[in-house]
Amino acid sequence: MSTAPAPPADLLDDDLGGGSAPAPASVGGLDAHRDLPRVQQPAWPDAEALERATAELSALPPLVFAGEVDRLRSRLAEAAQGRAFVLQGGDCAETFADATADAIRRRVKTVLQMAVVLTYGASLPVVKMGRMAGQFAKPRSSDAETRDGVTLPAYRGDAVNGFAFTPEARTPDPQRLVKAYHTAASTLNLIRAFTSGGFADLRQVHEWNRGFVANSATTAYADLAGEIDRAMAFMAACGADFDALRSTEMFASHEALLLDYERALTRIDSRTRLPYDVSAHFLWIGERTRDVDGAHVDLLSRVRNPLGVKLGPTTTPEQALALADRLDPEREPGRLTFVTRMGAGRIRDVLPELVRAVDDAGRTPLWVCDPMHGNTFTSSSGYKTRRFDEVVDEVRGFFEVHRAAGTVPGGLHIELTGDDVTEVLGGSLDIDDAALASRYETLCDPRLNHQQSLELAFLAADMLRGR
Ligand SMILES: O=C[C@H](O)[C@H](O)COP(=O)(O)O
Ligand SMILES: C=C(OP(=O)(O)O)C(=O)O
Ligand SMILES: [Mn+2]
């Protein structure tokens, strides 16, 4: 008789975990969204070409493993309880051209540096999520763009059409969905390599932060940086195992906008037999697509991933509660994140009522602050921009409102890049209107540059210390 230990129950499956079969139409209403209002979808000119692209996507391997998705859900549950803090950051719109090793490395580095500062400020683990490896589709205010009397379809992200203002580039091409998948795969591969291969070593990230503070145009961050320095020295003196801190976890997230893409990547997990959207660990529903009776809410309600919903300043308490009932009927810890994006001028007026209604209903979603999307305006030089001070003020308002309500301010959602772009006004280098032109590179919304991102992390860390 064999004395070998029995394999763990999950390996008794004929499919040894990690397999994910295409989810047939008959499963769990996964195609019900097709009969519902589908807003913000591209006008694909060739239905057969779309069919071919989604068939191709359906046969490709998952980008993430359902077990990782479950792990993220439990991390977010911790954050909702105030036992962790979330940092979600990356481009407004990732591009194929910018999915280079250098650009990805700089973005990952920026997120890691911010996370260390926030970890210190919060005295909590920071759950890191990139708006990365799949953030290739954009909802737009207008379907069309007019330049010099010529009107063409609006740019909707590299997964849909090209940014160049020509009829060829702007025509939606479903093969771009396939390219988005492959670009997400190579991006995620590099993120995994960076975060597990030594690049994320706490000692190195700390050295980068020391360099940032030493070269900063202001001394405002020196005190906090000095404290972190002493904390590191203290850890070393106590014999902390820094080698155990050479790797870290980072999850992938994007707006689940393109229903055909997300549906093709929805698979049945071999362990649980339940549907997961394996295009990313975390998916969110945007401000423009959060209709509780719409297609986006329907499709996302049927997958097991942790979900976010953006809530803008016009959100009513009834809408927030209806979304919670639809997306999280079981009140499962970590399932639902409300990402509020109210604007600095409105957050203190609008958020308290929402938070109170949700709290009174006995719900404990994770509350995350997006201080970007409520603060966008067009500068006098014609650039879509934001003011760094307003971004900071919305974060401050977020902490104030949650403190007053006794609820948990659980994280930040930031549009950022690791590059020295000039897209957001202000910061200690005081980018002004005239400077925007020098390195304005985003194809959609203005991002904090590397420096501004770290400044925000230091300022938010100070706010967290008062938590
Ligand atoms: O990223 C968010 C939206 O896609 C973006 O703010 C919409 O921008 P638009 O108003 O220029 O269409
Ligand atoms: C489209 C976005 O935001 P919102 O849906 O909040 O406008 C975004 O996050 O880029
Ligand atoms: Mn954006």
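Presented here is a report on the structure given in the accompanying data block. All values reported here derive from a predicted model rather than from experimental measurement. (Residues numbered from 1 in each chain as written. Chains lettered and ligands numbered in written order. Predicted model: local features only at pLDDT ≥ 70, side-chain atom pairs only at ≥ 80, totals over all residues. Heavy atoms only, no water.)

Some thoughts on the packing of helix α10 (residues 317–327) against helix α11 (residues 347–360)
- In the contact formed by α10 and α11, the axes pass within 9 Å of each other and the chain directions differ by 40 degrees. Between α10 and α11, the angle is such that the two are oblique. The handedness of the crossing between α10 and α11 comes out as right-handed. Of the residues in α11, those touching α10 at Pro 317, Ala 320 and Leu 321 are Glu 353, Leu 354, Ala 357 and Val 358.
- Its residues assigned to classes, the contact of α10 with α11 comprises 6 nonpolar, no polar and 1 charged. (Axes fitted to C-alpha atoms, helices over the stretch in contact; angles between N-to-C directions. Helix = DSSP H or I, 4+ residues; strand = E, 2+ residues; numbered from the N terminus. Parallel < 35°, antiparallel > 145°, perpendicular 65-115°, else oblique. Left-handed = near helix turned anticlockwise from the far one by under 90°. Contact = heavy atoms within 4.5 Å. Nonpolar A, V, L, I, M, F, W, Y, C, P; charged D, E, K, R; others polar.)

Details of the sheet that holds strand β7 (residues 266–269)
- Reading across the sheet, the 3 strands line up as β1-β7-β8 and stay open at both edges, with antiparallel pairing between neighbours. The outermost strands of the open sheet, each flanked by one partner alone, are β1 (20–22) and β8 (275–277). On average, each strand axis in the sheet is inclined to that of its neighbour by 45 degrees, with strand direction left out of account.
- Pairing of β1 with β7, which is carried by 3 bridges, proceeds in the antiparallel orientation. Within the sheet, the bridge partner assigned to Pro 22 lies in β7 and is Arg 267. (Pairing = 2+ DSSP bridges.)

A closer look at the coordination of the manganese ion (ligand 3)
- Here the manganese ion (ligand 3) is held by Cys 92 (SG), His 373 (NE2), Glu 415 (OE) and Asp 445 (OD), and the distances to it run 2.1 to 2.5 Å.
- Coordination at the manganese ion (ligand 3) comes from 6 donor atoms whose angles at the metal span 71 to 171 degrees, giving a geometry best classed as irregular.
- Linear spacing of the donor residues for the manganese ion (ligand 3) on their chain is C-x280-H-x41-E-x29-D. Of this pair, His 373 sits in the loop between β12 (366–369) and β13 (377–378) while Asp 445 sits in the loop between β15 (409–415) and α13 (450–465), and the two are 72 residues apart along the sequence.
- Look at His 373 and you get buried, because its relative accessible area is 17%. (Donors = N, O, S within 2.8 Å, 3.2 Å for Na, K, Ca; no water. Tetrahedral: all angles 85-135°; square planar, octahedral: opposite > 155°, others 65-115°. Buried < 20%, exposed > 50% of the residue type's maximum accessible area, 1.4 Å probe, protein only.)

Focus: the site of ligand 1
- Around ligand 1, the structure places Cys 92, Lys 138, Pro 139, Arg 140, Ser 141, Arg 288, His 373, Lys 384, Cys 444 and Asp 445.
- For ligand 1, an oxygen atom lies 2.8 Å from a polar atom in the side chain of Lys 384.
- Surface burial for ligand 1 is 82%, taken as the share of its 340 Å² of free accessible area covered by protein chains.
- Within the shell around ligand 1, the residues separate by chemical class into 3 nonpolar, 2 polar and 5 charged. (Near = heavy atom within 4 Å. Polar contact = N/O pair within 3.5 Å; in protein donor to acceptor, adjacent residues only side chain to side chain. Areas by Shrake-Rupley, 256 points an atom, 1.4 Å probe, with all protein chains shown as cover.)

Remarks on the site of ligand 2
- Near ligand 2 lie 13 residues; those nearest to it are Arg 131, Lys 138, Glu 287, Lys 310 and Arg 341.
- Arg 341 places a polar side-chain atom, nitrogen or oxygen, 2.7 Å from an oxygen atom of ligand 2.
- Considered on its own, ligand 2 offers 300 Å² of accessible surface; in the complex 98% of this is hidden by protein.
- Classifying every residue of the shell around ligand 2 by side-chain character gives 3 nonpolar, 2 polar and 8 charged.

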